[in-house]
Amino acid sequence: MKLRHWYAVHSQRELVPSPIAMLEAVQPCIAGLTHRFLDQDGDWREGAFWMENMATPLVLVRRVDLHDESSLWFRDGWEAELGSWPGPNAEAVIEHLRARRQTVTLTPIGINFSPTKLARICEQVCGYLARATDGLIQVYQEGFFNTDGESIFPQNPKHKLKTT
């Protein structure tokens, strides 16, 4: 799959994911890939993945909880919007989003870095997050994916994420 503008994991568990564990999910390892997260007593809301020799981050990471008004799913109308999409699994996705406890969003912004590698970083981190937090992956303009990277809504067998 090609690089997208953003990736999100909608989690049913309120687990604060470890930045180190997220980095370790990227396989094979990318030499020089590191993280910078604003950690307050084991809790973080924002951070980024960086290359040690670059001045700008590769991927911005943001975590919002159920009550954060900036959450995409806090607004009215999202259920009707998803219910209007064609294909199976709509109700299962809507139920998952209703039960969501937090969302972690990854936004790739890497300049002068391989788009293929950026997509791999985002997809593998999303896979880790989805498995660790009972999450559902959403990709900009692609839809929703399960922890194995399979397209579930709208279902498109040609779209598969490399979550491991």
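These numbers were taken from a predicted model, which means no experiment stands behind them.

1. Structural notes on the pattern of salt bridges
Within this structure, the stated rule accounts for eight salt bridges. Close ionic contact of R98 with E91 constitutes a salt bridge, the shortest N to O distance being 3.5 Å. Look at R98 and you get partly exposed, because its relative accessible area is 41%. Across the pair R98 and E95 runs a salt bridge whose closest N-O atoms are separated by 2.1 Å.

2. Let's talk about the sheet that holds strand β5 (residues 102-108)
Strand order across the open sheet formed by eight strands is β2-β3-β4-β5-β1-β6-β7-β8, with antiparallel pairing between neighbours. Two strands bound the open sheet, and with one partner strand each, they are β2 (33-40) and β8 (151-153). Across the sheet, the axes of successive neighbouring strands diverge by a mean angle of 25°, strand direction being ignored.

3. Some words on the nonpolar core
Judged by nonpolar contacts, the single largest core of 30 residues is most densely connected at L33, F49, L58, V59, L106 and I121. If you list the elements that add at least two residues to this core, you get β1 (7-11), α1 (19-24), β2, β3 (43-51), β4 (59-65), β5, α4 (115-133) and β6 (135-139). Considering every element that reaches this core, the biggest residue donor is α4, with eight residues. Leaving out residues up to four positions away in the same chain, L58 has contacts with L33, F49, W50, M51, T107, P108, I109, G110, F113, L118 and I121. Counting 10 residues, the second largest nonpolar core, distinct from the first, contains A90, I94, L136 and I152.

4. What to know about α4
Its 19 residues give α4 an end-to-end C-alpha distance of 27 Å, which sits within 8% of 27 Å, the value for a rise of 1.5 Å per residue. Once α4 ends, the next one or two residues include D134, with phi positive near 55°.

5. A few points about the environment of R120
Tracing the sequence through the fold places R120 in helix α4. Using a relative accessible area of 21% as the deciding quantity, one classes R120 as partly exposed. In this structure the C-alpha to C-alpha distance between R120 and T164, which are 44 residues apart in sequence, comes to 9.2 Å. With sequence-adjacent residues up to four places away left out, R120 is seen in contact with V26, Q27, P28 and I30. In terms of polar contacts, R120 uses its side chain to reach the backbone carbonyl oxygen of Q27, at 3.1 Å.

Quick notes on the rules
Residues numbered from 1 in each chain as written. Predicted model: local features only at pLDDT ≥ 70, side-chain atom pairs only at ≥ 80, totals over all residues. Heavy atoms only, no water. Salt bridge = Lys/Arg side-chain N within 4 Å of Asp/Glu carboxyl O. Buried < 20%, exposed > 50% of the residue type's maximum accessible area, 1.4 Å probe, protein only. Pairing = 2+ DSSP bridges. Helix = DSSP H or I, 4+ residues; strand = E, 2+ residues; numbered from the N terminus. Axes fitted to C-alpha atoms, helices over the stretch in contact; angles between N-to-C directions. Core = buried A, V, L, I, M, F, W, Y, C linked by side-chain atoms within 4.5 Å. Contact = heavy atoms within 4.5 Å. Expected span 1.5 Å × (residues − 1). Polar contact = N/O pair within 3.5 Å; in protein donor to acceptor, adjacent residues only side chain to side chain.

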